[in-house]
Amino acid sequence: MGWWGAMGGGKQKGIIQYTTSPFRQRAMKGALTGYVFNGYKRVAGHLPYYIIPFSLGNTYRISVAAYATYVWGKNYDHWKNSKAGHVAMMEKEGEH
């Protein structure tokens with residue numbers, strides 16, 4: 001048995017490897033300009049989902065209540081999808 005992968009047999013045929021020169025690879029090329037335009041589109045597209053619920057109420061209390069409901073829903077969903085939430089739901093349904 002030879003070095004790593006060298007089994008002592010003949011040369012293998014039909015195996016082709018392609019690489020890119022490290023000087024040609026640009027991992028972050030266009031990242032900033034892409035975010036400036038695409039990030040703006042993404043943020044502008046999501047704004048109605050945040051503005052509409054909080055602007056429906058005319059008073060500060062209604063907006064705070066809307067945000068509190070949002071936070072409660074997020075926390076409840078997180079708990080419900082956790083291990084403790086699964087066990088509690090199984091016990092409630094009588095499966096555990």
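Since we're looking at a predicted model, the values are computed, not measured.

Cut-off values and rules
Every chain begins its residue count from 1, and numbering advances along the sequence as written. Side-chain atom pairs in this predicted model are given and counted only at pLDDT of 80 or more, local residue features only at pLDDT of at least 70, and totals for whole chains, interfaces and linings cover all residues. For the side-chain quantities, the full set of heavy atoms in the structure was used; hydrogens and water were omitted. Pairing of aromatic rings covers Phe, Tyr and Trp, the last through its six-membered ring, and needs centres within 6.5 Å; plane angles under 30 degrees mean stacked, over 60 mean edge-to-face, and all others mean tilted. A run of DSSP states H or I qualifies as a helix once it reaches four residues; a run of E qualifies as a strand once it reaches two. Both are numbered from the N-terminal end. When accessible area is computed with a 1.4 Å probe and restricted to protein chains, residues below 20% of their type maximum are described as buried, those above 50% as exposed, and intermediate ones as partly exposed. Values of pLDDT, which run from 0 to 100, indicate the predictor's confidence residue by residue.

Next up on the list: the packing of aromatic side chains. In total, this model carries 3 aromatic pairs according to the counting rule given. Relative to Y70, the ring of Y67 has its centre 6.2 Å away and its plane inclined at 35°; by these criteria the two rings are tilted. Taken together, the residues span about one helical turn, with Y67 and Y70 both in helix α2 (residues 60–80) at a distance of 3 residues. Note on Y67: relative accessible area 48%, which makes it partly exposed. Ring centres of W72 and Y76 lie 5.4 Å apart, and the angle between their planes is 5°; on these two criteria the pair is classed as stacked. Pair noted here: W72 and Y76 are both in helix α2, with a separation of 4 residues, about one helical turn. For Y76, a relative accessible area of 35% gives the class partly exposed.

Mean pLDDT over the chain stands at 79; residues scoring 70 or higher make up 80%. In the model of the chain, helix α1 (residues 31–55) stands out as the element of lowest mean pLDDT, 80, in contrast to helix α3 (residues 83–93), which has the highest, 91.

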